[in-house]
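Structural features, examined
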Amino acid sequence: MRNLFNLSPRGVAIDLGTANTVVYASGRGVVISEPSVVAMEMGRDGIRRVRAIGDDAKLMMGKTPGNLETIRPLRSGVIADLEVAEEMIKHFIRKAHGGATRFSRGPEVVICVPSGATPVERRAIRQAVSNAGSDRVSLLEEPMAAAIGAGLPVTEPVGSMVVDIGGGTTEVGVISLQGLAYCCSSRVGGDRMDEAIISYVRRNFNLMIGEGTAERVKLEIGTATAPSGGGGLDTTLRGRDVARGVPKEITLNQGQVAEALAEPVQRIVAVVRSALENTQPEIAADVLDEGITLTGGGSLLRNIGIVLADETGLPVHIADDPLTCVARGAGRTLEDSVYRGGLMAA
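Attention in this report is confined to the structure presented alongside it. Keep in mind it's a predicted model, so treat the numbers as computed, not measured. (Residues numbered from 1 in each chain as written. Predicted model: local features only at pLDDT ≥ 70, side-chain atom pairs only at ≥ 80, totals over all residues. Heavy atoms only, no water.)

1. Side note on the overall build of the protein
Stated precisely, the cut-off is as follows: By definition, any uninterrupted DSSP run of H or I lasting at least four residues is a helix, any uninterrupted run of E lasting at least two residues is a strand, and each is numbered from the N terminus. Each radius of gyration reported is based on C-alpha atoms, and the globular scaling rule is 2.2 Å times the count of residues to the power 0.38. Only protein chains enter the accessibility calculation, which uses a 1.4 Å probe; a residue is then buried when its area is under 20% of its type maximum, exposed when over 50%, and partly exposed in between. Residues are treated as being in contact if the distance between any of their heavy atoms lies within 4.5 Å. The protein chains shown are the only cover counted for residues, whose accessible areas, like all others here, come from Shrake-Rupley with a 1.4 Å probe. Only four residue types enter the tally: Lys and Arg on the positive side, Asp and Glu on the negative side; His and the chain ends are excluded. To locate a charge, take NZ of a lysine, CZ of an arginine, CG of an aspartate or CD of a glutamate.
Scanning the protein for helices and strands turns up 11 helices and 19 strands. At 21 Å, the protein has a C-alpha radius of gyration in line with the 20 Å of a compact globule built from 346 residues. Projected onto its principal axes, the C-alpha coordinates of the protein cover approximately 65 × 60 × 30 Å. Within the protein, the proportion of its 346 residues that are buried is 51%. Sequence separation of at least 24 residues holds for 64% of the intrachain contacts in the protein that already meet a minimum separation of 6. For the protein, the accessible surface area stands at approximately 15200 Å², while carbon and sulfur atoms represent 47% of it. Positive and negative charge centroids in the protein, built from 36 and 41 side chains respectively, lie 8 Å apart.

2. Thoughts on the environment of Glu156
For Glu156, the location among the structural elements is in the loop between helix 4 (142–149) and strand 11 (160–165). Residue Glu156 is classed as partly exposed on the basis of its relative accessible area, which comes to 40%. The spatial distance from the C-alpha of Glu156 to the C-alpha of Lys58 is 41 Å, given a sequence separation of 98 residues. Look past the residues within four positions of Glu156 in its chain and what remains in contact with it is Ser176 and Leu177.

3. Some remarks on the state of the cysteines
Just so we agree on the cut-off: Here, two cysteine sulfur atoms that lie within 2.5 Å of each other are counted as a disulfide.
Taken as a whole, this structure holds zero disulfides when the rule is applied. Unpaired in this structure, Cys112 has its nearest cysteine sulfur neighbour in Cys325, at a distance of 11 Å. Here Cys112 falls in the buried class, since its relative accessible area comes to 1%. Not engaged in a disulfide, the cysteine Cys184 finds its nearest cysteine sulfur in Cys183; these two sulfurs lie 7.2 Å apart.

4. Remarks on the sheet that holds strand 6 (residues 68–71)
Here is the rule: Strand pairing follows a simple DSSP-based rule, namely that at least 2 bridges must link the two strands. The axes used here are C-alpha line fits, helices contributing only the stretch in contact, and every angle between their N-to-C directions lies in the interval 0 to 180 degrees.
Pairing within the open sheet is antiparallel, and its three strands lie in the order 5-4-6. In this open sheet, the two strands that pair with only one neighbour each are strand 5 (48–53) and strand 6. Each adjacent strand pair in this sheet contributes to an overall mean axis angle of 30°, direction not counted. Note: strand 4 (residues 38–42) against strand 6, four bridges, orientation antiparallel. Residue pairing in the sheet places Glu41 in a bridge with Leu68 of strand 6. Its contacts with the sheet put helix 2 (residues 82–97) on strand 4, strand 5 and strand 6, and the angle it makes with strand 5 is roughly 45°.

5. Side note on the nonpolar core
Here is the rule we go by: Nonpolar cores were defined as sets of buried Ala, Val, Leu, Ile, Met, Phe, Trp, Tyr and Cys residues, with membership established by side-chain atoms within 4.5 Å.
If you look at the biggest cluster of nonpolar residues, it comprises 39 residues, and the most contacted ones within it are Met161, Val172, Ile197, Val201, Ile209, Val272 and Ile304. Among the elements that line this core, the one with the most residues is helix 8 (residues 262–277), at six residues. Once residues within four sequence positions are removed from consideration, Ile304 is found in contact with Ile165, Ala224, Val265, Leu294, Gly298 and Ser299. Of all hydrophobic cores here, the second largest spans 28 residues; its members include Leu74, Ala85, Phe92 and Val129.

Structure, rendered in structure tokens:
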């Protein structure tokens, strides 16, 4: 097999996310952030071939003909389709390493995994990366990577709490002395929010919409709390009328979106409260002072920090550039030996 790391930096870190894959190259920073979507085309010979990956594939979602299928190879932060995941990883590595210096040996690869991933799921992730050409693969749990990327004092005897709200999972980690004092994971995140919007629109407006439309609504006017004094901002969305089977257009406001998102938001609150209840008293005292740090794309949902602050009574901060926090944290383990204690050999 051709080694895809022939043209590469010294090491790469990959946040293999349900919604987006972020690649960090040592010495260069974040070089790729694209959707974790692959378009596979069925040829006349019965063999599936890659048609598009990443941004190009996402544009095809919900609009493909019979011989073309858009696949999201990761679900809830773990690999659901190994073959397609391997193709996606190879593509992103090729794209990230173009024009880099030639190396005789493949660089180290650090892959971020959910804290709740099973040994089987971890082996699947390792296999996918190894098949892409690396013989040195290390795993790093997402809460630890997020905390490092957010600049929290993970190597010091100070307790810190990080909440990483991703596409498939919400990871909560309580960290001290470069270890996870407590961690928990819930399979709720951006995807569950999209599903909640789809269900709400169908239930209340008898309208079928796709994942892309639901995601757009979430990004444009999504909020964790209903605006006071009215419906707030609104947006127009189109779909198929369930009863009549014809295209239909409706207007949705922020109050309605907040109602749709109430269930996934409360699940996120529940996992955070569970982590606090299981945190050691001395570390809990530090968290009281330092507060909770939010990372991941879900942290950009309007007012999610306010909801968590109200429910926990703790200050809540959103990390700088939360979408790339996990990848940047994993990248720092490649560049600074101080942080390497959190790595696990795959």
